[in-house]
Structure formats: structure tokens, C-alpha cells
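Summary of the model geometry
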Amino acid sequence: MLTALYDGNCVVCRSTCETMRALDWLKRIEFVDLHESDEASERFVDLGHERLMSEIHVLDDGGRLYAGFAGTRRMLRELPLGLPLWLLLQLPGSDALGKRVYRYIARRRYRINALLGKELPDCAKGSRKIPR
């Protein structure tokens, strides 16, 4: 079982989690929206809110933490239809490229929300500084 902590104010994050949920036939991933759950703040207080907001964080049963691209890749490993993509993401060079692309999107996710006509969350209003 995995626990995925994500920014529910982000269209990109929500879309990714909705896709993962749809492919999670075995119900192996628990998705926790950081904005809807006080439980998340209490359960994962040691991770810190700003860190959690910077990228998706995935925890496995063994207590291992996967963040960002590594977290997304880890979730794919649990999904029957995600396994081929997970295998592809094991190829040499995919880690460096995946991290770079993930960070690029994560840092601009609220701007992407705005382009899609979604209102910016309070943490992004009036500021060009987005949680990293």
C-alpha cells in the first residue's frame, strides 16, 4: 500500500491523481489532498507543509519516501497498466530527464492552472513565488 500526498489546488496534480486512481484497480494507493485533510498535517508533520507543497510525496509500507518524479514513478509500479511505463522509466537517462521535466512543470503548476482558467490558490495570489 502506498500513500500519495498531493496539492489538491493544482489542476495538474489532481489530473495525475485522478488518472492514477482510475488505473488503480487493486486499490493499492491512498490519495491524500493536503488541503482537505487535517489528518495529513498531523500524520506527516515531520515533512513540513512547504516541502509537501513543492511536489508529490509517496510513502510505502516500509516507510520509504519518494518525492516528485520518483513518487510518480513509484505509483506506476503498483498499477497493472502502469507497469510498462514504469519499466520504460528504468532506462538509463530517464531519471535525470524525468526529474528535470517534473520540476519544470511543478514550479509552473499554478501558472498552468491560470492558463486553464482555474483560480490561483491563496499561496500563489499576488506573488510570483510558487512553493518549490
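Residues numbered from 1 in each chain as written. Predicted model: local features only at pLDDT ≥ 70, side-chain atom pairs only at ≥ 80, totals over all residues. Heavy atoms only, no water.

**With respect to the overall build of the protein**
Selection rule: Only DSSP runs of H or I covering at least 4 residues are called helices, and only runs of E covering at least 2 are called strands; the numbering of each starts at the N terminus. Three exposure classes are used, based on accessible area relative to the maximum for each residue type with a 1.4 Å probe and protein chains only: buried under 20%, partly exposed in between, and exposed over 50%. Note on definitions: a residue-residue contact is assigned when non-hydrogen atoms from the two residues lie within 4.5 Å. To be clear on the numbers: accessible area is Shrake-Rupley with a 1.4 Å probe, and residue cover counts the displayed protein chains and nothing else.
Scanning the protein from terminus to terminus reveals seven helices and four strands. A buried classification covers 42% of the 132 residues belonging to the protein. Long-range contacts, defined here as pairs at least 24 residues apart, represent 58% of the contacts in the protein between residues at least 6 apart. Roughly 8100 Å² of accessible area belongs to the protein as shown, and the carbon and sulfur atoms make up 54% of that amount.

**Quick word on the side chain of Asp7**
Here is the rule we go by: Whenever two N or O atoms come within 3.5 Å, that pair is a polar contact, provided that in protein one can donate a hydrogen and the other can accept it, and provided that, for residues adjacent in sequence, both atoms are side-chain atoms.
Within the secondary structure layout, Asp7 lies in the loop between strand S1 (2-6) and helix H1 (11-23). Here Tyr110 takes part through its side chain, which lies 2.3 Å from a polar atom of the side chain of Asp7. Ignoring sequence-local partners within four residues, the contact set of Asp7 consists of Cys13, Asp33, Leu34, His35, Met53, Arg109 and Tyr110.

**Some points on the packing of helix H4 (residues 69-78) against helix H6 (residues 94-107)**
If you want to describe how two helices pack, look at the angle between their axes and the distance between the axes. Keep this limit in mind: Fitted lines through C-alpha atoms serve as axes, helices being fitted only where they are in contact, and the angles separating the N-to-C directions of these axes extend from 0 to 180 degrees. Here is the rule for angles: anything less than 35 degrees is roughly parallel, anything more than 145 is roughly antiparallel, 65 through 115 is roughly perpendicular, and the remaining ranges are oblique. By the convention adopted, Pro, Cys, Tyr, Trp, Phe, Met, Ile, Leu, Val and Ala count as nonpolar, Lys, Arg, Asp and Glu as charged, and the other residues, Gly among them, as polar.
Across the interface, H4 lies against H6 with an axial gap of 9 Å and an inter-helix angle of 115°. Relative to H6, the element H4 is oriented roughly perpendicular. Residues Phe69, Thr72 and Arg73 of H4 lie in contact with H6, whose contacting residues are Ser94, Asp95, Gly98, Lys99 and Tyr102. A per-class count over the contact of H4 with H6 returns two nonpolar, three polar and three charged.

**Let's talk about the pattern of salt bridges**
Short version of the rule: In what follows, salt bridge is the name for a side-chain nitrogen of Lys or Arg lying within 4 Å of a carboxyl oxygen of Asp or Glu.
Tallied over the full model, the rule gives six salt bridges. One salt bridge in this structure joins Asp60 and Arg64, with 2.9 Å as the shortest N-O distance. By sharing partners, the salt bridges in this structure join Arg28, Arg74 and Glu78 into a single network.

**Quick word on the pairing of strand S3 (residues 57-60)**
In summary, the side chains of a regular strand alternate between the two faces of the sheet. We count it as follows: For two strands to be treated as a pair, DSSP must find at least two bridges joining them.
Residue alternation in S3 divides its side chains into two sets, His57 and Leu59 and Val58 and Asp60, and both sets are buried. Two strands pair when backbone bridges link them, and S1 and S3 are joined in this way by four bridges, in the antiparallel orientation. Looking at S3, one finds that Thr3 is bridged to Leu59. In this sheet, strand S4 (residues 65-67) lies alongside S3 in antiparallel orientation, the contact comprising three bridges. Residue pairing for S4: His57 is matched across the bridge by Ala67. Where S3 folds back on S4, the antiparallel hairpin that results is connected by four residues, among which Gly63 adopts a positive phi of roughly 85°.

**Observations concerning H4**
The buried fraction of H4 amounts to eight of the ten residues, a majority that puts the element mostly inside the structure. For H4, the full list of buried residues reads Phe69, Gly71, Thr72, Arg73, Arg74, Met75, Leu76 and Glu78.

**Regarding the packing of aromatic side chains**
Stated formally: Here is the rule: rings of Phe, Tyr and Trp (six-membered ring for Trp) pair when centre to centre is within 6.5 Å. Planes less than 30 degrees apart are stacked, more than 60 are edge-to-face, and the remainder are tilted. Note on geometry: a ring has a charge over it if NZ (lysine) or CZ (arginine) is within 6 Å of the ring centre and within 35 degrees of the ring normal.
Inspection of every chain in the model, using the stated rule, returns zero aromatic pairs. Above the ring of Tyr104, the side-chain terminus of Arg108 is found at 3.8 Å from the ring centroid. Positioned over the ring face of Tyr110 is Arg109, at 4.8 Å from the centre of the ring.

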